[in-house]
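Chain by chain, the residues run as shown.
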Amino acid sequence: MTDIKSMTKDELKNLMTELGEKPFRAKQIYSWLHEHLVTSYDEMGNIPGKLKEKLKDYPIAALEMVDEQISAIDGTRKYLFRLSDGYVVESVLMRYQHGNSVCISTQVGCRMGCRFCASTIGGKTRDLTAGEMLDQIYRIQKDIGERVSNLVMMGTGEPLDNYDNAVKFIRMLSDE
């Protein structure tokens, strides 16, 4: 089942209808997930308990920070995040005068076989969902208390090998 953070506003509206709820709930849930960056339904203050109960079948992509390394030279931060299935991915925060840039992973492993890249050693395990890609940025923003202004999709994995999820991620990330 798709994690709810990977659902667009329209997909959430359809889900609300399927669950017998009013469509406006989709906007509320979307706001909690993508503006307030919550990681559980319990944090959604204006969502009724009955709806929260119905939503328990729809997991929220919420990565766990396992490790963080900070460069003593330039302050670059490398994060190791654990996914809900136990796999881990890396993300990197780079601070520049023009803003904060984050390099995210799009897959667990990679099947491209590039000789210069360690991501390919174990092959590709799986694609990340749009929600898991978004959550890398969200966890970093929460950690540093600042907005991320630039994105690089070249961590673990080949973004275009996960085309559908990568495009959905970009559309959701650029949503107003």
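Our subject is the structure that appears above.
First things first, this report covers the structure right here in the doc. (Residues numbered from 1 in each chain as written. Predicted model: local features only at pLDDT ≥ 70, side-chain atom pairs only at ≥ 80, totals over all residues. Heavy atoms only, no water.)

## What about the packing of helix H1 (residues 9–18) against helix H2 (residues 24–34)?
Selection criterion: For helices, the fitted axis covers only the stretch in contact; all axes are lines through C-alpha atoms, and the angles between them, taken along N-to-C directions, range from 0 to 180 degrees. By definition, any uninterrupted DSSP run of H or I lasting at least four residues is a helix, any uninterrupted run of E lasting at least two residues is a strand, and each is numbered from the N terminus. For this classification, under 35 degrees means roughly parallel, over 145 means roughly antiparallel, 65 to 115 means roughly perpendicular, and everything else is oblique. Should the near helix be turned anticlockwise from the far one by less than a right angle, the crossing is termed left-handed; should it be turned clockwise, right-handed. What makes two residues a contact is simply this: any of their non-hydrogen atoms within 4.5 Å. Gly is put with the polar residues, along with every residue not named as nonpolar or charged; the nonpolar set is Ala, Val, Leu, Ile, Met, Phe, Trp, Tyr, Cys and Pro, and the charged set is Asp, Glu, Lys and Arg.
Between H1 and H2, the least distance of the axes is 8 Å, while the angle of their chain directions is 130 degrees. It follows from the interaxial angle that H1 and H2 lie oblique. You can see that H1 and H2 cross each other, and the crossing is right-handed. The residues of H2 that touch H1, namely those facing Lys9, Leu12, Lys13 and Met16, are Arg25, Ala26, Ile29 and Tyr30. For the contact of H1 with H2, a count of residues per class yields five nonpolar, no polar and three charged.

## As for helix H5 (residues 163–173)
Convention followed: Categorising residues by exposure relies on relative accessible area from a 1.4 Å probe, with only protein chains included: less than 20% of the type maximum marks a residue as buried, more than 50% marks it as exposed, and the intermediate range marks it as partly exposed. Working definition: the arc comes from the directions between the helix axis and the C-beta atoms, pointing outward to the latter.
Within the sequence span of H5, burial applies to Ala166, Lys168, Phe169 and Met172. Buried positions in H5, seen along its axis, are confined to an arc of 165 degrees and lie on one side of it. Facing away from the buried side of H5, by more than 90 degrees, are the exposed residues Asp164 and Arg171. Those residues of H5 that are buried lie in contact with H1, H2, strand S4 (99–104), helix H4 (130–144) and strand S7 (150–153).

## Brief notes about the pairing of strand S1 (residues 64–70)
Put simply, the rule is: Any two strands between which DSSP finds at least two bridges are classified as paired.
Two strands pair when backbone bridges link them, and S1 and strand S2 (residues 77–82) are joined in this way by six bridges, in the antiparallel orientation. Looking at the pairing, glutamate 64 lines up with arginine 82 of S2. Between S1 and S2, which pair antiparallel and follow one another directly, the connecting turn spans six residues, one of which, glycine 75, has a positive phi of 80 degrees.

## A short note on the packing of aromatic side chains
Two numbers describe a pair of aromatic rings. These are the distance of the centres and the angle of the planes. In plain terms, the rule: The criterion for an aromatic pair is that two Phe, Tyr or Trp rings (for Trp, the six-membered ring) have centres within 6.5 Å, with stacked assigned to planes under 30 degrees apart, edge-to-face to planes over 60 apart and tilted to the rest.
Inspection of every chain in the model, using the stated rule, returns one aromatic pair. Look at tyrosine 79 and phenylalanine 81: their rings are 5.6 Å apart centre to centre, the planes differ by 5 degrees, and that puts the pair in the stacked class. Residue tyrosine 79 is classed as buried on the basis of its relative accessible area, which comes to 1%.

## A closer look at the pattern of salt bridges
Think of it this way: side chains of opposite charge can pair up when their charged atoms draw near. Selection rule: One side-chain nitrogen of Lys or Arg within 4 Å of one carboxyl oxygen of Asp or Glu is enough to make a salt bridge.
Taken as a whole and judged by the stated rule, the model has 15 salt bridges. A salt bridge links glutamate 64 to arginine 82; the shortest N-O distance between them is 3.4 Å. In this pair, glutamate 64 sits in strand S1 while arginine 82 sits in strand S2, placing the two residues 18 residues apart along the sequence. Taking relative accessible area as the criterion, glutamate 64 reaches 43% and is therefore assigned partly exposed. The shortest N-O distance in the salt bridge between arginine 77 and aspartate 143 comes to 3.3 Å. Pair noted here: arginine 77 is in strand S2 and aspartate 143 is in helix H4, with a separation of 66 residues, a long-range link. Classification of aspartate 143 by relative accessible area gives partly exposed; the value is 31%. Salt bridges sharing common partners tie together Arg111, Lys124, Asp127 and Asp161.

## Concerning the sheet that holds S1
Taken in spatial order, the five strands make up an open sheet running S1-S2-S3-S4-S7, and their pairing is mixed. The outermost strands of the open sheet, each flanked by one partner alone, are S1 and S7. In this sheet, neighbouring strand axes are inclined to one another by 20 degrees on average, regardless of whether the strands run parallel or antiparallel. Of the strand pairs in this sheet, S2 and strand S3 (residues 88–96) are connected by six bridges, and their pairing is antiparallel. Opposite lysine 78, over in S3, you have valine 92 as the bridge partner. Along the sheet face, H4 touches S1, S2, S3, S4 and S7 and points at about 125 degrees away from the line of S2.

## With respect to the nonpolar core
Worth spelling out the cut-off: Only buried Ala, Val, Leu, Ile, Met, Phe, Trp, Tyr and Cys residues count toward a nonpolar core, and they belong to the same one when joined by side-chain atoms within 4.5 Å.
Core analysis: the largest hydrophobic core is formed by 42 residues, its most contacted members being Ile4, Leu15, Ile29, Met44 and Leu55. Of all elements in the fold, only H1, H2, helix H3 (49–55), S2, S3, S4, H4 and H5 reach the threshold of two or more residues within this core. With seven residues, H4 is the single largest residue contributor to this core. Residues within four places of leucine 15 in sequence aside, it is in contact with Ile4, Met7, Leu55 and Tyr58.

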